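The primary structure of each chain is shown beneath.
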Amino acid sequence: MARTRRTAAALGAAAVLLCGCSSAVEVSVPGGAAGCGDPRWPATVGGQERRDTDPAGGAVAAWGDPAIVARCGVGALAPTETECIEVDGVGWIPSELTDGTRFTTFGTDPALEVLVPSAYDPAPLLLPAFDEVAQALPRNDLRCR
């Protein structure tokens, strides 16, 4: 009986550890998510596998640990003096964060936001994974210069 309890306890601890590794990434769904349709998120980003999100939804996706997070439906950016990075015909505005970089599409409405933790630097190398989603968004009059 004691052996059965030890085995059950060990299996329970293993289940808790496994659940901790596969927990969903908490995200907020952008208000303009309906304008994104059904984004075709990549299966992997920078060699990282896709993860579940909480809440689950078509407008948000995550990959890896720490999580690379993409949110479709954020507000379109206004004209800016910040240098625009063009990758495969898609304009991106970078914003430095304390633990990585936020990239927001420029010239799309709604916009796509990609949050890249500094663990994945150089972060711009991950942007081509989002070409299909970004190129499917409606364009506005703004372009990288």
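Keep in mind it's a predicted model, so treat the numbers as computed, not measured.

Asker: Please give an account of the state of the cysteines that cites residues and values.
Answerer: What we call a disulfide is simply a covalent bond connecting the sulfur atoms of a pair of cysteines. For the structure on display, the rule yields 2 disulfides. Between the sulfur atoms of Cys36 and its disulfide mate Cys72 the distance is 2.1 Å. Given an S-S torsion of about -100 degrees, the disulfide between Cys36 and Cys72 has left-handed geometry. Separated by 36 residues along the polypeptide, Cys36 in the loop between strand S1 (25–26) and strand S2 (44–45) and Cys72 in strand S6 (residues 68–74) bring together distant segments of the chain. The exposure class of Cys36 is buried, given its relative accessible area of 11%. Disulfide pairing places Cys84 opposite Cys144 at an S-S distance of 1.7 Å. With Cys84 in the loop between S6 and strand S7 (85–87) and Cys144 in the segment after helix H2 (131–135), this pair connects stretches of sequence that are 60 residues apart. The connectivity of the disulfide-linked cysteines in the protein, indexed sequentially, is 1-2, 3-4.

Asker: Which residues make up the nonpolar core, and what values go with them?
Answerer: By size, the foremost hydrophobic cluster in this structure holds 23 residues, and its most contacted members are Trp41, Ile68, Trp92, Leu112 and Phe130. Residue assignment for this core shows that the elements contributing at least two residues are strand S5 (60–63), S6, strand S8 (90–97), strand S10 (111–117) and H2. By size, the runner-up hydrophobic cluster in this structure holds 6 residues, among which are Val25, Val27, Ala67 and Val69.

Asker: Provide a residue-level description of the packing of aromatic side chains, including the pertinent values.
Answerer: This model, assessed by the stated rule, comprises 2 aromatic pairs. Where Trp63 meets Phe130, the ring centres are 5.4 Å apart and the plane angle is 75 degrees; that geometry is what we call edge-to-face. With Trp63 in strand S5 and Phe130 in the loop between S10 and H2, this residue pair connects regions lying 67 residues apart in the sequence. Residue classification places Phe130 among the buried residues on the basis of a relative accessible area of 0%.

Asker: So what about the sheet that holds S6? Which residues, and what values?
Answerer: Across the sheet, 8 strands lie side by side as S2-S3-S5-S6-S10-S9-S8-S7; this open sheet has antiparallel pairing. Looking at the sheet topology across the chains shown, the edges are occupied by S2 and S7. Pairing of S7 with S8 involves 3 bridges; the strand directions are antiparallel. Within the sheet, the bridge partner assigned to Glu86 lies in S8 and is Gly91.

What counts and how
Residues numbered from 1 in each chain as written. Predicted model: local features only at pLDDT ≥ 70, side-chain atom pairs only at ≥ 80, totals over all residues. Heavy atoms only, no water. Disulfide = S-S within 2.5 Å. Helix = DSSP H or I, 4+ residues; strand = E, 2+ residues; numbered from the N terminus. Buried < 20%, exposed > 50% of the residue type's maximum accessible area, 1.4 Å probe, protein only. Core = buried A, V, L, I, M, F, W, Y, C linked by side-chain atoms within 4.5 Å. Phe/Tyr/Trp six-rings, centres within 6.5 Å; stacked < 30°, edge-to-face > 60°. Pairing = 2+ DSSP bridges.

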